[in-house]
Amino acid sequence: MSRGTLIDLLYLVAALTFVLALKGLGSPKRARHGNMVAAAGMLLAIVATFFNRVDGHPLHHVLLIVLGMAVGLVVAVPTARFVQMTAMPQLVAIFNGVGGGAACLVSLTEFIHIKSTKPATYVVLEVLLGVLIGTVSFSGSAIAFAKLQELMTGRPVTYAGQQFINALIGAAALAVIVMALVTSSTALLWVLLAVAFVLGIAFVLPIGGADVPVLISLLNSFTGLAVAASGFTLGSNLLIVAGTLVGASGTLLTMLMSKAMGRSLPNILFSAFGSVVTAGPGSGAEQRSVRSGTPEDVAVMLGFASRVVFIPGYGLAVAQAQNVLRELAENLEKKGVEVFYAIHPVAGRMPGHMNVLLAEANVPYDDLIEMDEANSELTTADVAIVVGANDTVNPAANDDPGSPIYGMPIIHADAAENVIFMKRSMRPGFAGIDNELLYNPKTTLVFGDAKDTLTKIVAAVKAS
Amino acid sequence: MTNLLLQYATVFLLSVFVGIEIISKVPSILHTPLMSGSNAIHGVILVGSMLILGAANTHAEEVLGFLAVILATLNVVGGFVVTDRMLEMFKPRTPRAKPGASTEASEHPKGGEA
């Protein structure tokens, strides 16, 4: 067997591990194993590549390649290892963005390499698509990162004629592509790079913070497609398979995520959701009467309960209160109270994010129940405790066709006998919408930092 | 030449169907790790980056290729590590009856890493 065939065979094995890994990632039991399998396949492909030949000679610049890898390793490992779990979404965004950037550079460099051989039109098209999609993914992910990291406002950024201007930028990108196809000029490739960079930014700016996770998933599939495009240019089946797998599954995942939010993908991408917040949510809201209680009141209420459901949201993680919440659950269970955690599909900032955050605090996986099951459990629950969640329990999603979140499936906290709503203030949630549940006669509000409040409740429960 | 293009197109189309088929039944709690895992998989662009840097003849190609290798390494390494960190959390329920014994047992294999 020749060296080339052997390497191709190893690439085939790597591609196979990626398929198996994606399959494994779909089941809680095999997910971690699946990720390891993909990592092993990736390592195999990388090692094999060192022995590959290009243009009939072994790889040049091997030292430079190793140096580049070393730089990447030194930056990536500590970042990925030690960044707070709450910052996971923006971390995924940035690692996705650099992948898009790399795909763009690969297409670009390959074009510079082969342009003297007068490549066929379809090759130029592959290059142009790789540059366009890769760059959009890169600059779009950078803005998504900035929004989640709160380097800029998380609210949609809108201006007059925005959709028209965005359409114009998109049309400009297409025009450059057509011109580049006709003339095969390298200069136009750089123009396309610049236009695509602006397009990525303009595309992401009007998308609100709460929708950014769906956007990241979409950009993830963009990067996959950009990788597939460079695979076409380089003639690499491995890149085509891996890139396309991610592109296709990422697109489907994006649609599943928008479905979990009860909205369509175009609605998320183009409606500047959350920007049309009622003027001054504080002003009208605070004049309505709410019932508030102390942590001690809550402890008494819990003392009489036999079934308690926690409904956690991102605010729980911001307050770093997962551990105290688990402690409360354990103390209640000791007293014979049944405890569940009701997890909304988009609780946290990404679907499944809340499961990760709770698992980090050693909350048993089996105590977490998904929305549909939670809603049937809640009808027999004595107390529902909302901690750091807001939009995911907002009844407006069911009752108010005028509300921006109308149609989103929610957890019916108000189905429980009593609702305890822990809040820092009367401020509305991530999506910027007022919540009817706060004024429900069943609801007791406990103001204050979630961690402080929970700690006090734990102390009171222990004492009782 | 057209034959090659056709072959790549075949691979592309089949991969589209595999990609869709494979994740159609994923529980929503795994959406985030799945996104992160597929993020790591498109880090395979590192292989492409190595090939273009390995073929580089001019300074421009060297610079761009070197940059591509760094970015792709960030993608692939960061992607896998973040995903593993997320999935590390999905431990099966440990029997609560004897917390002392079970934590000791589960802590040991971890020591070898890093």
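Predicted model, so just to flag it, every value in this text is computed and none were measured.

Rules and cut-offs
Residues numbered from 1 in each chain as written. Chains lettered and ligands numbered in written order. Predicted model: local features only at pLDDT ≥ 70, side-chain atom pairs only at ≥ 80, totals over all residues. Heavy atoms only, no water. Core = buried A, V, L, I, M, F, W, Y, C linked by side-chain atoms within 4.5 Å. Buried < 20%, exposed > 50% of the residue type's maximum accessible area, 1.4 Å probe, protein only. Helix = DSSP H or I, 4+ residues; strand = E, 2+ residues; numbered from the N terminus. Contact = heavy atoms within 4.5 Å. Pairing = 2+ DSSP bridges. Axes fitted to C-alpha atoms, helices over the stretch in contact; angles between N-to-C directions. Phe/Tyr/Trp six-rings, centres within 6.5 Å; stacked < 30°, edge-to-face > 60°. Parallel < 35°, antiparallel > 145°, perpendicular 65-115°, else oblique. Left-handed = near helix turned anticlockwise from the far one by under 90°. Nonpolar A, V, L, I, M, F, W, Y, C, P; charged D, E, K, R; others polar. Buried area = accessible area lost by both parts, 1.4 Å probe. Salt bridge = Lys/Arg side-chain N within 4 Å of Asp/Glu carboxyl O.

Asker: I'd like a rundown of the nonpolar core, residues and numbers included.
Answerer: Generally speaking, soluble globular proteins have nonpolar side chains that are buried together. Residue and element names in this part refer to chain A. Counting 160 residues, the largest nonpolar core has Leu302 and Phe310 as its most contacted members. Here this core gets 14 residues from one element, more than from any other, and that element is helix H4 (residues 88-114). For Leu302, the residues in contact, after removing those within four places along its chain, are Val308, Leu328, Leu332, Val337, Val383, Ile385, Ile457 and Val461. Counting 22 residues, the second largest nonpolar core, distinct from the first, contains Ile369, Ala384, Val393 and Leu445.

Asker: Outline unusual backbone geometry, listing residues and values.
Answerer: All names here are of chain A. In this structure, Asp55 takes a positive phi of about 50° despite not being glycine. Its place among the elements puts Asp55 in the loop between strand E1 (53-54) and strand E2 (57-58). Look at Asp55 and you get exposed, because its relative accessible area is 54%. Positioned with a positive phi, Lys118 is a non-glycine residue whose angle comes to about 50°. In this structure Lys118 comes out as exposed when scored by relative accessible area, which is 71%.

Asker: Tell me about the sheet that holds strand E8 (residues 443-447) of chain A, residues and numbers included.
Answerer: Residues and elements named next belong to chain A. Ordered in space as E5-E4-E3-E6-E7-E8, the 6 strands form an open sheet in which the pairing is parallel. Bordering the open sheet on either side are strand E5 (368-370) and E8, each of which pairs with just one other strand. Taking the axes of each pair of neighbouring strands and ignoring which way they run, one obtains an average angle of 25° across the sheet. Note: strand E3 (residues 307-312) against strand E6 (residues 383-387), 5 bridges, orientation parallel. Bridge pairing links Val308 to Val383 in E6. Sitting on the sheet, helix H14 (residues 322-334) is in contact with E3, strand E4 (338-343) and E6, with an inclination near 145° to E4. Strands in contact with helix H18 (residues 450-463) are E6, strand E7 (418-423) and E8; relative to E7, the strand with the most contacts, it is inclined by about 135°.

Asker: Mind laying out the packing of aromatic side chains, listing which residues take part and the relevant values?
Answerer: Going through the model one piece at a time under the given rule, you end up with 4 aromatic pairs over all chains. Chaining the aromatic ring pairs together yields one cluster made of Phe232 of chain A together with Tyr8 and Phe12 of chain B.

Asker: Tell me about the packing of H4 of chain A against helix H8 (residues 212-234) of chain A, and name the residues and values.
Answerer: Residue and element names in this part refer to chain A. Their axes nearest at 9 Å, the elements H4 and H8 cross at an angle of 20°. As far as their axial angle goes, H8 and H4 are roughly parallel. Pair H4 / H8 crosses with left-handed handedness. From H4, Pro89, Val92, Ala93, Asn96, Gly99, Gly100, Ala103, Val106, Ser107 and Glu110 reach across to H8, where they touch Ile216, Leu219, Asn220, Thr223, Ala226, Val227, Ser230, Thr233 and Leu234. For the contact of H4 with H8, a count of residues per class yields 10 nonpolar, 8 polar and 1 charged.

Asker: Lay out the interface of chain A and chain B in plain terms, naming residues and giving numbers.
Answerer: Contact with chain A, which involves 107 residues of that partner, is made by 80 residues of chain B. For the pairing of chain A and chain B, the buried interface totals around 8,600 Å² over both sides, and the portion due to carbon and sulfur atoms is 75%. When residues of chain A are sorted by the area they lose upon contact with chain B, Leu25, Arg32 and Arg81 of chain A head the list and together hold 7% of the total. Joining chain A to chain B, the criterion identifies 3 salt bridges.

Asker: Requested: an account of the environment of His57 of chain A, with residues and values cited.
Answerer: Locating His57 of chain A in the fold gives a position in strand E2. For His57 of chain A, a relative accessible area of 18% gives the class buried. In this structure, the C-alpha to C-alpha distance between His57 of chain A and Val318 of chain A, residues 261 residues apart in sequence, is 54 Å. Beyond its immediate stretch of four places on either side in the chain, His57 of chain A contacts Gly54 and Ala55 of chain B.

Asker: Tell me about the pairing of E3 of chain A, and please be specific about residues and values.
Answerer: Residues and elements named next belong to chain A. Counting buried positions along E3 gives 6 out of 6 residues, so the element sits mostly inside the fold. Across the two faces of E3 the burial is the same, with Arg307, Val309 and Ile311 and Val308, Phe310 and Pro312 all buried. Across 4 bridges, E3 lies against E4 in parallel orientation. Within E4, the residue paired with Phe310 across the bridge is Tyr341.

Asker: Tell me about the packing of H14 of chain A against H18 of chain A, and name the residues and values.
Answerer: Residues and elements named next belong to chain A. Between H14 and H18, the least distance of the axes is 9 Å, while the angle of their chain directions is 20°. On the basis of the axis angle, H14 is roughly parallel to H18. As for the relative orientation of H14 and H18, their crossing is left-handed in sense. Listed contacts from H18 to Val324, Leu325, Glu327, Leu328, Asn331 and Leu332 of H14 are Lys451, Leu454, Thr455, Ile457, Val458, Val461 and Lys462. Broken down by class, the residue content of the contact of H14 with H18 amounts to 8 nonpolar, 2 polar and 3 charged.

Asker: Tell me about the pattern of salt bridges, residues and numbers included.
Answerer: Charged atoms that come close allow side chains of opposite charge to pair. If you walk through the whole model with that rule in mind, you get 7 salt bridges over all chains. Between Asp84 of chain B and Arg32 of chain A there is a salt bridge, with its nearest N and O atoms 2.9 Å apart. With Asp84 of chain B in helix H4 (residues 59-88) and Arg32 of chain A in helix H2 (residues 31-50), this residue pair bridges two chains. For Arg32 of chain A, a relative accessible area of 28% gives the class partly exposed. Through salt bridges that share partners, Arg32 and Arg81 of chain A together with Asp84 and Glu88 of chain B make up one connected network.

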